[in-house]
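Below are the chains, spelled out letter by letter.
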Amino acid sequence: MIFCVAIDGPAAAGKGTVARAVAAHFGFAHLDSGLLYRVVGKKVIEGADAIVAARALQPEDLAADGLRTAPVAQAASKVAAIPEVRDAFLEFQRQFARRDGGAVIDGRDIASVICPDAEAKLFVTASPHVRAQRRLEELSQRFEGLTFEKVLSDVIARDKADSERETSPLVQVPDAVVIDTSDMAIADAVNAAIAVVSDRLR
Ligand code: C5P
């Protein structure tokens, strides 16, 4: 069975949690496409060339440690604006979307560029304040000295960079179902997403 669930949205809106839960519920494979850009961002911090690193990326690199830090997220957002970096990941993601057994991919350009024919398209979002608060709670377990103001300004800067870049910016496609998680428990967001996918599967 070929069935792709495309989940897009800004940083820290809960789309990763929703994507994992939807994949587990339906037994679909899951790809967090942000990890592709995070691997390259981390390699650039370590001194590599972004395009060379993107072209050399291996699937096992996505399991590397240290990808979920604020500096790596910012570096990822920078390399994600380079067309050759995005091109290096295009075919891999398109094949993933069309794998047998169903796929869930979350990112910024999944419904717009990677899989415009996705069987289900979701746009998971939340207000910048709510997203910054969630990111702060997640990161402060691992990093000391973070403040709400710093996390909020990082979230806003990343939204701006991701939405205003020329190549594959973050967009909400007209036929995506919007799930605004600002005032929603994550379990309710997951249930809403599962309901959309169940409906499309019928
Ligand atoms: O989703 P995550 O925060 O892991 O993504 C890190 C960065 O990778 C984003 O800020 C964005 O610039 C980039 N990205 C992208 N396209 C995707 C997924 C992520 O440009 N499909």
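The structure this text deals with has already been given above.
Just so you know, the residues in each chain are numbered from 1, in the order the chain's sequence is written. Where local features are concerned, this predicted model is filtered to residues with pLDDT of at least 70; where side-chain atom pairs are given and counted, the filter is 80 or more; whole-chain, interface and lining totals use all residues. Side-chain metrics rest on all non-hydrogen atoms present in the structure, leaving aside hydrogens and water.

*Asks:* Kindly report on the packing of helix α2 (residues 34-45) against helix α5 (residues 83-97), identifying the contributing residues and their values.
*Replies:* To get an axis, fit a line to the C-alpha atoms, keeping to the stretch in contact for a helix; angles then go from 0 to 180 degrees between the N-to-C directions. The helix count covers DSSP runs of H or I at least four residues long, the strand count covers runs of E at least two residues long, and both are numbered beginning at the N terminus. One can describe the packing of α2 onto α5 by two numbers: an axis separation of 11 Å at closest approach and a directional angle of 145°. Here α2 and α5 pass one another in a crossing that is right-handed. Contacts between α2 and α5 pair L36, Y37 and V40 from the former with V85, R86, F89, F92 and Q93 from the latter. In the scheme used here, Gly and all other residues not listed as nonpolar or charged are polar, with Ala, Val, Leu, Ile, Met, Phe, Trp, Tyr, Cys and Pro taken as nonpolar and Asp, Glu, Lys and Arg as charged. Classifying every residue of the contact of α2 with α5 gives six nonpolar, one polar and one charged. Crossing handedness follows the turn of the near helix against the far one: under a right angle anticlockwise gives a left-handed crossing, and clockwise gives a right-handed one. Should any heavy atoms of two residues lie within 4.5 Å, those residues are counted as being in contact.

*Asks:* An account of the site of the ligand is needed here, citing residue identities and associated values.
*Replies:* The ligand sits among 16 residues. The nearest are R38, R86, R158, D162 and R165. Residues adjacent in sequence count toward polar contacts only when both atoms are side-chain atoms; beyond that, a polar contact is any pair of N or O atoms within 3.5 Å, and within protein one must be able to donate a hydrogen and the other to accept it. Within the contact set of the ligand, an oxygen atom lies 2.8 Å away from a side-chain nitrogen or oxygen of R86. Within the contact set of the ligand, a nitrogen atom lies 2.9 Å away from a side-chain nitrogen or oxygen of D109. Working definition of accessibility: Shrake-Rupley area with a 1.4 Å probe, residue cover restricted to the visible protein chains. Within the complex, the protein chains bury 98% of what would otherwise be the 450 Å² of accessible surface of the ligand. When residues of the shell around the ligand are traced back to their parent elements, those giving at least two are α2, α4 (70-79) and α8 (148-164). The element best represented in the shell around the ligand is α2, accounting for three residues. When at least one non-hydrogen atom of a residue lies within 4 Å of a molecule or strand, that residue is treated as near it.

*Asks:* Describe α8, listing the residues and the values that go with them.
*Replies:* The span one expects for a helix is its residue count, reduced by one, times 1.5 Å. End to end, α8 covers 24 Å across 17 residues, agreeing with the expected 24 Å (1.5 Å per residue, within 8%). Here α8 has its buried residues at V151, L152, D154, V155, R158, D159 and D162. All buried residues of α8 lie within an arc of 160° about the axis, which places them on one face of the element. Away from its buried face, by an angle of more than 90 degrees, α8 presents the exposed residues E149 and E164. Here the buried face of α8 lies against α2, α4 and α7 (128-140). Accessibility here uses a 1.4 Å probe with only protein chains present; expressed as a share of the type maximum, an area under 20% marks a residue as buried, one over 50% as exposed, and anything in between as partly exposed. What the arc covers is the set of directions going from the helix axis to the C-beta atoms.

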